[in-house]
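Overview (structure and organization)
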Amino acid sequence: GSARLDGTPGSYEIPEGVDVRAIAHATLRPDRPAEPATLLVRRGAGHMLRRHAAQIEQVDADWERLHLPTPPADLADEVLGHGADVIVESPATLRASVIARLQGVLA
Amino acid sequence: MKTSPAASSGAKEQVARLLTLVPFLHARGGVRLDEAAAALGVPEKQLVKDLRVLFMCGLPEGLPDDLIDVDLEALTEQDGDRVIRISNADYLSRPLRLSTNEATALIVALRALRGGAITEEASEVVDRALAKLEQAAAGANVPVEVPIAPDERAYAARKALLQRAVSEHRQVELAYFVPARDEESTRTVDPRGVVAHQGVDYLDAYCHSAEAPRLFRLDRIREATLLDTPIATEPTTPRSLAEGLFAAGEDLLTVTLHLQPQARWVTEYYPVEDVRQQQDGSLEVDLRVADRRWLRRLLLRLAPYATVVAPVELAADLRDAAEATLALYA
């Protein structure tokens, strides 16, 4: 059916200073700027992560360092999926979360 | 119900035909009956019926001078020249015009079509139609700007190239990325066709590296080069993906997983055989797996919210992988 008005006018009051648009925006799209991350990635691995890298540094014969200025929101999942081919250097929170989740598997 | 081409008998279709016919006749002077019938996709008999209706249309009052005049004798008499001539319908001379909404809808649809264009020739046709529409709509203030990302352009070009390779029976060299193995490889294939499954395009081809037929996701082909060498295998029609991506005969391993709520999305994302709801809100699911490396990556990604119930060697495999990774942080 079509939409129609219901209830009596003025049956509720909109509280002062409520901006529904702002609330919806904050709820649906959390305004959380991505923190830059640095990862160590084995040579020849981590193709998906390399796409996000602004800079790739050679570390040694086995490893390269990827600088990700705006990593994807699911970076921890992505890193974990790569297993022993990727190590998180920073940020510390990401590193701690990856370690904790791996320990969870062994617990 | 008659089986004449298109639904020609309905009053609505008739009105549409008449409104198309009158400006058409105006623009062309006289048009031969058979020619007009073919252009409108109706039998000549139907068109004569239409004209008999037109004969009774016109401006209010309905006096002889108000009605459209159709030279019916020329169409029905033995010695008639079978050319349609009408007069007294000058007010209907304006050809079919699209409303702003109609033009916008068409332009948007055509641009999307061009973004994923089928073949090179087809995209030329689309481009021509678009140019005309956009020019016609330019005066009408149509706010259309549907940018097609360069990615999509490249994708469409790649798809056209692969289709060309299929029709010309030529080999293609692919730089292909396999996420399940995290590797990119270069291989030569004999393309069989581009097929779609659930909105994703795949190239079905015989892969000379694997020495077997393989499906390649178009969005994971980083580069495709059309070779001059003809295909080395028999041309075959591409496989049907109606039954899903895995052929029934393929060697699949059934794995039972225990999923915490954080890992529930797996059941919606991948085809699962069976889902058993547990008391605590977790799930036990049976999944058919073709590639163990794919499974290991999935389980690591879900760590620690997914565990392997069976087979036990896969549970051990996951622990080993977690242990080896953790060792890097020590």
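Residues numbered from 1 in each chain as written. Chains lettered and ligands numbered in written order. Predicted model: local features only at pLDDT ≥ 70, side-chain atom pairs only at ≥ 80, totals over all residues. Heavy atoms only, no water.

Some details on the packing of helix H9 (residues 292–302) of chain B against helix H10 (residues 312–328) of chain B
Residue and element names in this part refer to chain B. Contact pair H9 / H10: the axes reach a minimum separation of 10 Å and the direction vectors enclose 60 degrees. What the angle tells us is that H9 and H10 run oblique. Considering how the two elements wind past one another, H9 and H10 form a crossing that is right-handed. Contacts from Arg292, Leu295, Arg296, Leu299 and Leu300 in H9 reach Glu313, Leu314, Asp317, Leu318, Ala321 and Ala322 in H10. Here the residues of the contact of H9 with H10 sort into 7 nonpolar, no polar and 4 charged. (Axes fitted to C-alpha atoms, helices over the stretch in contact; angles between N-to-C directions. Helix = DSSP H or I, 4+ residues; strand = E, 2+ residues; numbered from the N terminus. Parallel < 35°, antiparallel > 145°, perpendicular 65-115°, else oblique. Left-handed = near helix turned anticlockwise from the far one by under 90°. Contact = heavy atoms within 4.5 Å. Nonpolar A, V, L, I, M, F, W, Y, C, P; charged D, E, K, R; others polar.)

A closer look at the packing of aromatic side chains
Residues and elements named next belong to chain B. If you walk through the whole model with that rule in mind, you get 5 aromatic pairs over all chains. Look at Tyr176 and Phe216: their rings are 4.9 Å apart centre to centre, the planes differ by 85 degrees, and that puts the pair in the edge-to-face class. A residue pair is termed long-range when its members are at least 10 positions apart, and Tyr176 in strand E5 (residues 170–178) and Phe216 in strand E8 (residues 212–217) qualify at 40 residues. Classification of Tyr176 by relative accessible area gives buried; the value is 7%. Taking the centre distance of 6.4 Å and the plane angle of 45 degrees together, the rings of Trp265 and Tyr270 count as tilted. With a relative accessible area of 33%, Trp265 lands in the partly exposed category. Grouped by ring-pair contacts, the aromatic residues Trp265, Tyr269, Tyr270 and Trp294 constitute a single cluster. (Phe/Tyr/Trp six-rings, centres within 6.5 Å; stacked < 30°, edge-to-face > 60°. Buried < 20%, exposed > 50% of the residue type's maximum accessible area, 1.4 Å probe, protein only.)

Digging into empty space enclosed by the protein
Residues and elements named next belong to chain B. Summed over the entire model, instances satisfying the criterion amount to 1 cavity of 30 Å³ or more. Its volume calculated, the largest cavity comes out at about 30 Å³. Taken together, Arg292, Leu295, Arg296, Leu299, Leu314, Asp317 and Leu318 make up the full set of residues lining the largest cavity. Listing elements by their share of the lining of the largest cavity, those giving two or more residues are H9 and H10. In terms of residue count, H9 provides more of the lining of the largest cavity than any other element does, 4 residues in total. The residue makeup of the lining of the largest cavity, split by class, is 4 nonpolar, no polar and 3 charged. (1 Å grid on protein atoms, 1.4 Å probe; cavity = no way out; pocket = protein on both sides within 12 Å on 5 of 7 lines; lining within 4 Å. Points joined across faces, edges and corners; volume = space filled by probe spheres on them.)

Observations concerning helix H4 (residues 92–106) of chain A
All names here are of chain A. Relative to the 21 Å expected for 15 residues at 1.5 Å per residue, H4 spans 21 Å between its end C-alpha atoms, a close match to the ideal helical length. Of the residues making up H4, those classed as buried are Leu94, Val98, Ile99, Arg101, Leu102 and Val105. For H4, the angular spread of the buried residues around the axis is 165 degrees, confining them to a single face. When the buried face of H4 is taken as reference, the exposed residues oriented beyond 90 degrees from it are Ala92 and Thr93. (Expected span 1.5 Å × (residues − 1). Arc of directions from axis to C-beta.)

Re the pattern of salt bridges
Evaluation of the coordinates by the stated rule reveals 25 salt bridges over all chains. Here Arg65 of chain A and Glu89 of chain A are joined by a salt bridge, their closest N and O atoms 2.6 Å apart. Here Arg65 of chain A, found in strand E3 (residues 63–68), pairs with Glu89 of chain A, found in strand E4 (residues 86–90); they are 24 residues apart in sequence, far enough to count as distant. When the shortest N-O distance is used, the salt bridge between Asp317 of chain B and Arg296 of chain B registers 3.0 Å. Placement of Asp317 of chain B in helix H10 and of Arg296 of chain B in helix H9 is noted, with a sequence separation of 21 residues between them. (Salt bridge = Lys/Arg side-chain N within 4 Å of Asp/Glu carboxyl O.)

Section: the nonpolar core
In this structure, Leu39 and Val98 of chain A are the most contacted members of the largest nonpolar core, which totals 44 residues. Apart from residues lying up to four places away in sequence, Val98 of chain A is in contact with Ala76, Val79, Leu80 and Val88 of chain A together with Tyr329 of chain B. Counting 20 residues, the second largest nonpolar core, distinct from the first, contains Val31, Leu54, Ile68 and Leu75 of chain B. (Core = buried A, V, L, I, M, F, W, Y, C linked by side-chain atoms within 4.5 Å.)

Remarks on unusual backbone geometry
Residues and elements named next belong to chain B. Omega for the peptide link from Ala303 to Pro304 comes to -5 degrees, which places this bond in the cis form. Mapped onto the fold, Pro304 is located in the loop between H9 and strand E13 (306–310). In this chain, Ala310 is followed by Pro311 through a cis amide linkage whose omega measures -5 degrees. By the element assignment, Pro311 lies in the loop between E13 and H10. Backbone geometry places His169, a non-glycine residue, at a positive phi of 55 degrees. As for its placement among the helices and strands, His169 is situated in the loop between helix H7 (150–167) and E5.

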